[in-house]
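Read off the chains here:
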Amino acid sequence: MAAKPQLAPVEPPPALDMSAFESEPKFRPIITTIAGEPGVGKSWFALSANEPFLLNADDGASEIMAIKGLRYQAQLVPQDTLEANADLWDHLGQALHFLKTGDHKFQTVVLDSLDGIEKLAQAKVCQDLKIKSMEQIDYGKAYVYAREKMAKVLAALGWLRDNREMEIIVVAHTSIKSINKPHLDTYDGYELTANKHVAADVKRWCDAFLFMAYRTFVQTSQGKFSRKDKVALTTDERYIIAQGGRGVDCKNRFGLPTELSLAEGETDLYAAYKNAIAANRNKS
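Residues numbered from 1 in each chain as written. Predicted model: local features only at pLDDT ≥ 70, side-chain atom pairs only at ≥ 80, totals over all residues. Heavy atoms only, no water.

Asker: Would you mind showing me how to read the nonpolar core here?
Answerer: The tendency in soluble globular proteins is for nonpolar side chains to be buried side by side. Residues Leu 55, Ile 117, Leu 157 and Trp 205 are the most contacted members of the largest nonpolar core, which totals 43 residues. No other element matches the six residues that helix H3 (residues 82–101) contributes to this core. Aside from chain neighbours lying at most four places away, what touches Leu 157 is Leu 55, Leu 96, Val 109, Leu 111, Ile 168 and Trp 205. In terms of nonpolar packing, the next biggest core, distinct from the first, is built from 27 residues, Val 40, Val 171, Leu 269 and Tyr 270 among them. (Core = buried A, V, L, I, M, F, W, Y, C linked by side-chain atoms within 4.5 Å. Buried < 20%, exposed > 50% of the residue type's maximum accessible area, 1.4 Å probe, protein only. Helix = DSSP H or I, 4+ residues; strand = E, 2+ residues; numbered from the N terminus. Contact = heavy atoms within 4.5 Å.)

Okay, here's the thing in C-alpha cells:
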C-alpha cells in the first residue's frame, strides 16, 4: 500500500496587533436628503448650511442665492435635448472633481434636485448606447446603467464627506403613489420622484431622510342634508418629519424626534435640525 502523502504543517496566524483596528472616534459631517412638496422651502433649508456650493439641476434656487448672497454653483438645469443633458452630465463630473481636488473653502455640497441629476444620467446612458429613449432597451437595462451612474455620484459625494469634511444635502421632489408592503394594506404615501431603485439607494445612503411640510389641519363643518364637509386649512408654519410614517418613510441616525419645529431663538428649520443633532451628540 502506497504511503499517504504528508501534509505540510500549517503555520499559525500572526499575532493580532489591536492597534491595527483602532481609530479615533469622531462625528462625521452629515448626509441629509430633504424631501417635500413644491414651494415648502427645501432649497432654502439646504442653502442655509455653511458655505454651500450648489449643484443646480432645478433652477429654483436663483432667488434664494440672491437673497443669501451666494455666488458659486454649477449650472446643471436639464435642457430639452439628450445631447445637451449628456454634456451637463460631464459638467457635473467636472464640478465634483473640482470639489475633490480644488483649492476651495466650501463646507457643504447641495445637490438640487435628485430627479434633475437623474435626468442627466439617463441622457448620458442614451448617448453611450446610441439610443433616443430609455425604453428602447428591453428589460429595463438602460435604467440599470443609469442607476450605476447615480451610484457613482453618491459615492463621490460620500468621498467629499469623508475626505474633505463636507456636509452633503440632497434636495428631492416627491409624488403621491400607492405603496405596497408585505405587512400592511396598500396605502397612499409620498415617494421620491426618481426611479424606485435610485430612490431606495439614496434612502439607504443618507444619514437622515427628512420630509418638510406645512402644518395643516382638517376642519369639519356641518353641510347640507346632515353631510359633514371637510376642509384642509394650511398654516404658514413649516415643520420637518424626521422619523416614522404618516405617509413618509423618514429616518435619521441621530435619535431625533418624530417632528422638528422652530424653538425659541431659532431662525430657520436648518438651524433647528442642526441644533437637535448637536444636542443629542453632546449627550454621548
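Now that the structure has been shown, the text picks up again.
Asker: Would you mind going over the environment of Val 170 with me for this structure?
Answerer: Of note, Val 170 is situated in strand E5 (residues 167–179). Among all residues touching Val 170, those that are not within four sequence positions of it are Thr 32, Thr 33, Ile 34, Leu 111, Leu 114 and Trp 205.

Asker: What is the right way to look at the packing of helix H4 (residues 114–129) against helix H5 (residues 141–164) in this model?
Answerer: Describing two packed helices takes the angle between their axes plus the distance from one axis to the other. One can describe the packing of H4 onto H5 by two numbers: an axis separation of 9 Å at closest approach and a directional angle of 120°. What the angle tells us is that H4 and H5 run oblique. Along this stretch, H4 crosses H5, giving a crossing that reads as right-handed. For the pair H4 and H5, contact is made by Leu 114, Ile 117, Glu 118, Ala 121, Gln 122, Lys 124, Val 125, Asp 128 and Leu 129 and by Ala 142, Tyr 143, Tyr 145, Ala 146, Lys 149 and Met 150, respectively. The class makeup of the residues in the contact of H4 with H5 is 10 nonpolar, one polar and four charged. (Axes fitted to C-alpha atoms, helices over the stretch in contact; angles between N-to-C directions. Parallel < 35°, antiparallel > 145°, perpendicular 65-115°, else oblique. Left-handed = near helix turned anticlockwise from the far one by under 90°. Nonpolar A, V, L, I, M, F, W, Y, C, P; charged D, E, K, R; others polar.)

Asker: In this structure, what is going on with the pairing of strand E4 (residues 108–112)? I would like to understand it.
Answerer: A regular strand places its side chains so that they alternate between the two faces of the sheet. In terms of burial, E4 is largely enclosed, as five of its five residues are buried. Residues Thr 108, Val 110 and Asp 112 point to one face of E4 and Val 109 and Leu 111 to the other, with burial holding for every one of them. Judged from the five bridges that link them, strand E2 (residues 52–56) and E4 form a sheet pairing that is parallel. When the bridges of E4 are listed, Phe 53 appears paired with Val 109. (Pairing = 2+ DSSP bridges.)

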